[in-house]
Amino acid sequence: MISLEFLLASGIGLLVATGIYLILRGRTFPVVLGLAMIGYAVNLFLFAMGRVQVNAPAVLTNTSHVTDPLPQALVLTAIVIGFATTAFIVQLALRSRYESGTDHVDSKEDIINSDPREDEP
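Note that the structure is a prediction, hence the values are computed from the model and not measured. (Residues numbered from 1 in each chain as written. Predicted model: local features only at pLDDT ≥ 70, side-chain atom pairs only at ≥ 80, totals over all residues. Heavy atoms only, no water.)

Asks: Any chance you could explain the pattern of salt bridges here in plain terms?
Replies: Two side chains that carry opposite charge are able to pair once their charged atoms sit near each other. Inspection of the entire model under this criterion finds 2 salt bridges. As a salt-bridge pair, Arg-95 and Glu-99 come within 3.0 Å of each other at their nearest N and O atoms. Of the two residues, Arg-95 and Glu-99 both sit in helix H3 (residues 70-100), 4 residues apart, roughly one turn of that helix. (Salt bridge = Lys/Arg side-chain N within 4 Å of Asp/Glu carboxyl O. Helix = DSSP H or I, 4+ residues; strand = E, 2+ residues; numbered from the N terminus.)

Asks: Before we go on, may I ask you to explain the UniProt feature "transmembrane region" (unreviewed entry) in the protein chain in this structure?
Replies: Here the UniProt-annotated "transmembrane region" (unreviewed entry) positions come out as residues 6-24, 31-50 and 70-94. Between the C-alpha atoms that bound residues 6-24 there is a distance of 27 Å. The span itself is 95% helix and 0% strand. Structurally, residues 31-50 is divided into 90% helix and 0% strand, and its ends, taken at the C-alpha atoms, are 30 Å apart. (UniProt positions renumbered as here; feature names shortened; annotations may be inferred.)

Asks: Just checking my understanding: could you explain the packing of helix H2 (residues 28-48) against H3 for this structure?
Replies: Relative placement of two packed helices is described by the angle separating their axes and the distance separating the axes. The contact between H2 and H3 brings their axes to 9 Å, and the two run at 175°. By the angle between their axes, H2 is roughly antiparallel relative to H3. Residue-level inspection shows Thr-28, Val-32, Leu-35, Asn-43, Leu-46 and Phe-47 of H2 in contact with H3, the latter providing Pro-71, Gln-72, Leu-74, Val-75, Ala-78, Ile-79, Thr-86, Ile-89, Val-90 and Ala-93. For the contact of H2 with H3, a count of residues per class yields 12 nonpolar, 4 polar and no charged. (Axes fitted to C-alpha atoms, helices over the stretch in contact; angles between N-to-C directions. Parallel < 35°, antiparallel > 145°, perpendicular 65-115°, else oblique. Contact = heavy atoms within 4.5 Å. Nonpolar A, V, L, I, M, F, W, Y, C, P; charged D, E, K, R; others polar.)

Asks: Is there a simple way to explain the layout of surface pockets in this structure?
Replies: Empty space within the largest pocket amounts to approximately 260 Å³. Of all the elements, H3 adds the most residues to the lining of the largest pocket, at 8 residues. Looking at the lining of the largest pocket, its residues break down into 9 nonpolar, 5 polar and no charged. (1 Å grid on protein atoms, 1.4 Å probe; cavity = no way out; pocket = protein on both sides within 12 Å on 5 of 7 lines; lining within 4 Å. Points joined across faces, edges and corners; volume = space filled by probe spheres on them.)

Asks: When you look at the side chain of Asn-43 in this model, what are you seeing that I'm missing?
Replies: Assignment of secondary structure puts Asn-43 in helix H2. Contact partners of Asn-43, with chain neighbours within four places excluded, come to Val-75, Ala-78 and Ile-79.

Asks: Sorry if this is basic, but what is going on with H2 here?
Replies: Since the α-helix turns once every 3.6 residues, residues separated by three or four places project in the same direction. With 21 residues, H2 ought to run about 30 Å at 1.5 Å a step, and its terminal C-alpha atoms sit 30 Å apart, in line with that. Among all positions in H2, only Thr-28, Pro-30, Val-31, Val-32, Gly-34, Ala-36, Ala-41 and Asn-43 are buried. Residues of H2 that are buried sit in contact with helix H1 (4-23) and H3. (Expected span 1.5 Å × (residues − 1). Buried < 20%, exposed > 50% of the residue type's maximum accessible area, 1.4 Å probe, protein only.)

Asks: What exactly am I supposed to notice about H3 here?
Replies: Under the 1.5 Å per step criterion, the end-to-end length of H3 is 44 Å for 31 residues, consistent within 8% with the ideal 45 Å. All of the buried residues along H3 are Pro-71, Val-75 and Ala-93. Buried positions along H3 lie against H2.

Shown next as structure tokens:
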């Protein structure tokens, strides 16, 4: 049987790998999606740092087997910050598209190979 820790680590690794692949693309929309996926991977990692436990009550009760609420609070804060950062990046991408006329990250669609001797009289 596959353990929950293995599935969680595999999911985090898959999200990071997909995010890095999308960040290395040439267009702005995949870059935004890649940054969002890496943000989701970081959120899962923070959540996993609280030791994933099943049927463990919060710290409010007097038991020896409790769940740490701090990673949950950190993930909730990271979700809000990630949403604001993604909205800001989308706004920057739209402005870059308006200014440059293309959605390529480097603002160049194709490098035109021209002969410099053609400009001479």
